[in-house]
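Descriptive structure summary
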Amino acid sequence: MSGAPVTTYLELSESGGGAHKFYEVTVDGTSVAIRYGRIGTEGQLKRSGFASPAAARAAAEKKLAEKRRKGYEPAVPGGRAPRPVTRRQVASAASTARATAPVLWRFRTGASAFGIHIDDERCWVGNQSGDVYALAHDGEVLSRFSLPDGVKCLVADDFWIYAGCDDGSVYDLSSKLPFAAYEISADVDIFWLDIHQGVLHVSDRNGGLTVIDHEDEFQWSRTGTGAHAWMIRADDRAAYHGHSRGVTAYTPEGGRQLWHTATTGAVLFGWQEADSVYAGTDRRLVQRLAKRDGRVLADYRCDAVVYSCATAPGGRYVFAGDNASSVYCFDESGDRLWKLGTGCGSALSMQYLDERLYIVTTDGTLACIDASPAAIEAAERGSLPQTQDIKSAAGLPAHTPATSAEVLPTVSAAAAGDTAGVIVECVRQEGRVRVQVVSEGYEPGWYVQFPRAIREPGARFVVESLHPASGGFYRVRGTIRRLL
């Protein structure tokens, strides 16, 4: 008789450090079930079988001992509150525009979508169900990711793509296997994110700003002068933080305030160019501010609350999306060039590339609009292209994040010498577990942005390749395999 199942429940909740996780182990005869994740969620479940009850108990105790060494402590499920999460309440009315935008193709993700990133190779979209899709510029669906919670936004740092989620994690989607690269403090209700040279900037419900370095270590924070901070943009000069009382610029190191500008209305979205930031507000405006001193340089007037904005390179054109399912285009000085209905809801985020305006909307659609002058002129006359509806990507495999060493592919020690890739090792330095390169040909003093959950002192991993990034660290490209 193996007896009744025995369950051990541990939690790690750090004040200011970001961790807010649980780890539960249940031993039932020769079976061990491990459930882990963010406090307040169901988490992920892994089951393993063993040759005997004694072997199962030994394996379970080994896992629990590892967690206790990391600071996990016994707790009661439900004793700590889950992370506060605000689902953005968005309304979408019918467009008042007299014509409809020339939509070349559209892809329906199935849930309201805020996340968008368009680069030279792919179109990325993430929705509130945690689904992220990468599409070609002609609409072909190339890959699919399934994240644990709703996607607040998608951001890029060079050619690395990150998804910020309601579970408090920021996932690196650049490798074949996505992983949680950053964890946000449990008391921060995330509204928006930006990443610049590996440094993560988080704006939140209370109007605060938190800055975290590439190793997922807290750097500095500011409480802000307003609430509901839906805008954060960063560059070498400053972090530009938009909230209910305007836009505030802070120095990259230490967060000293450089300037503050009271905008006309609460800021609901932000964009940036080299010398300007753009704030979309609830007073039907997009305002362009000088990065140097915060002066208002131009106003772009819409007919309803502005949900999103974007620009053509250099700010030659300024685009906006309102809460009445319309999109606008202005010239640099602020003169309106056109207004058209989307035909698929209100644009919650947008981006312009090569005479195409890409939007993600309240009904979860990623739409590609032909924004060339000829196409717009034809649309205003009522002549529209045949819109291609992209087929569902249900048949594609959904890549899920690696949150623990237990879910990573492994390679035996005997085969390690034959494994192609770069070997990295977890080492403890000054109370922190860092990941360093041990393969020849790399600078050992540089560190690797690596999944925090699998940083174990002494552990070695093989990664497909590493790429140096500004700031003196490497980023992982490709799969991660643990060396036994």
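Scroll up to find the structure.
The notes below deal with the structure included here. The structure displayed is predicted, hence computed values, not measured ones.

**Structural notes on the overall build of the chain**
- In terms of regular secondary structure, the chain is built from two helices and 41 strands.
- A compact globule built from 484 residues should have a C-alpha radius of gyration of about 23 Å, and the chain, at 24 Å, falls within 12% of that.
- For the C-alpha atoms alone, the extent of the chain along its principal axes is close to 80 × 50 × 50 Å.
- Taken across its 484 residues, the chain has 56% of its residues classed as buried.
- Summarising the internal contacts of the chain: among those between residues at least 6 apart in sequence, 49% fall at separations of at least 24.
- Accessible area for the chain stands at about 20,100 Å²; split by element, carbon and sulfur atoms hold 48% of it.
- One way to put it: in the chain the 52 positive side-chain charges average out to a point 4 Å from where the 57 negative ones average out.

**Here we look at the sheet that holds strand S25 (residues 285-290)**
- Read across the open sheet, the four strands follow the order S23-S24-S25-S26; overall the sheet is antiparallel. Each edge of the open sheet is held by one strand with a lone partner, namely strand S23 (267-272) and strand S26 (296-301). When the angles between neighbouring strand axes are averaged without regard to direction, this sheet yields 20 degrees.
- Bridge count between strand S24 (residues 276-281) and S25: five bridges; the pairing is antiparallel. Across the sheet, residue Tyr-278 finds its bridge partner in S25, namely Arg-288.

**What about the sheet that holds strand S11 (residues 151-157)?**
- Taken together, the four strands give an open sheet; going across it, the order is S11-S12-S13-S14, and neighbouring strands pair in antiparallel fashion. The outermost strands of the open sheet, each flanked by one partner alone, are S11 and strand S14 (179-183). Each strand axis lies, on average, 30 degrees off the axis of its neighbour in the sheet, ignoring direction.
- Where S11 lies against strand S12 (residues 160-165), six bridges are found, and the strand directions are antiparallel.

**Digging into the packing of aromatic side chains**
- Per the counting criterion, the structure on display carries 18 aromatic pairs.
- By the ring-pair criterion, three or more aromatic residues cluster together here, those being Tyr-278, Tyr-300, Tyr-328 and Phe-330.
- The ring of Trp-160 has Arg-475 sitting right over it, with the charged end atom 4.6 Å from the ring centre.

**Details of the pairing of strand S13 (residues 169-172)**
- Here S13 shows no split at all, with Ser-169 and Tyr-171 on one side and Val-170 and Asp-172 on the other all buried.
- Sheet topology places S12 next to S13; three bridges connect them, and they run antiparallel. By the bridge assignment for S13, Ala-163 is matched with Tyr-171.
- Hairpin connection between S12 and S13: a loop of three residues separates the two successive antiparallel strands, and Gly-168 in this loop has a positive phi of roughly 90 degrees.
- The sheet contact formed by S13 and S14 spans four bridges and is antiparallel. Directly across from Val-170, in S14, lies its bridge partner Tyr-182.
- Connecting S13 to the next strand, S14, in antiparallel fashion are six residues.

**Notes on the nonpolar core**
- Among the nonpolar cores identified, the biggest contains 79 residues, and Leu-200, Leu-357, Ile-359, Val-448, Phe-450 and Leu-466 are the most heavily contacted of them.
- In terms of residues, this core owes the most to one element, strand S15 (residues 190-196), which gives five residues.
- If near-sequence neighbours (up to four positions away) are discounted, Phe-450 is found in contact with Phe-179, Val-424, Val-435, Arg-455, Phe-461, Val-463, Val-476 and Ile-480.

**Comments concerning helix H1 (residues 53-69)**
- Under the 1.5 Å per step criterion, the end-to-end length of H1 is 24 Å for 17 residues, consistent within 8% with the ideal 24 Å.
- Those residues of H1 lying buried are Ala-56, Ala-60, Leu-64, Glu-66 and Lys-67. Within H1, the buried residues cover an arc of 155 degrees as seen down the axis, which keeps them to one side. Facing away from the buried side of H1 by over 90 degrees, the exposed positions are Lys-62 and Arg-69.
- Looking at the buried positions of H1, the neighbouring elements they touch are strand S1 (6-13), strand S2 (20-28) and strand S3 (31-38).
- Two residues or fewer past H1, Gly-71 is found with a positive phi of approximately 110 degrees.

**Quick look at the pattern of salt bridges**
- Under the counting rule described, the total for this entry stands at 17 salt bridges.
- One salt bridge in this structure joins Asp-363 and Arg-108, with 3.8 Å as the shortest N-O distance. Placement of Asp-363 in the loop between strand S32 (356-361) and strand S33 (365-370) and of Arg-108 in strand S6 (residues 103-108) is noted, with a sequence separation of 255 residues between them.
- Residue classification places Asp-363 among the partly exposed residues on the basis of a relative accessible area of 35%.
- Linking Glu-121 and Arg-122 is a salt bridge whose minimum nitrogen-to-oxygen distance equals 3.4 Å.
- Its relative accessible area of 57% is what places Glu-121 among the exposed residues.

Thresholds, definitions, all that
Residues numbered from 1 in each chain as written. Predicted model: local features only at pLDDT ≥ 70, side-chain atom pairs only at ≥ 80, totals over all residues. Heavy atoms only, no water. Helix = DSSP H or I, 4+ residues; strand = E, 2+ residues; numbered from the N terminus. Rg over C-alpha atoms; globule rule 2.2 N^0.38 Å. Buried < 20%, exposed > 50% of the residue type's maximum accessible area, 1.4 Å probe, protein only. Contact = heavy atoms within 4.5 Å. Areas by Shrake-Rupley, 256 points an atom, 1.4 Å probe, with all protein chains shown as cover. Lys, Arg positive; Asp, Glu negative; His and termini not counted. Charge placed at Lys NZ, Arg CZ, Asp CG, Glu CD. Pairing = 2+ DSSP bridges. Axes fitted to C-alpha atoms, helices over the stretch in contact; angles between N-to-C directions. Phe/Tyr/Trp six-rings, centres within 6.5 Å; stacked < 30°, edge-to-face > 60°. Lys NZ or Arg CZ within 6 Å of the ring centre and 35° of its normal. Core = buried A, V, L, I, M, F, W, Y, C linked by side-chain atoms within 4.5 Å. Expected span 1.5 Å × (residues − 1). Arc of directions from axis to C-beta. Salt bridge = Lys/Arg side-chain N within 4 Å of Asp/Glu carboxyl O.

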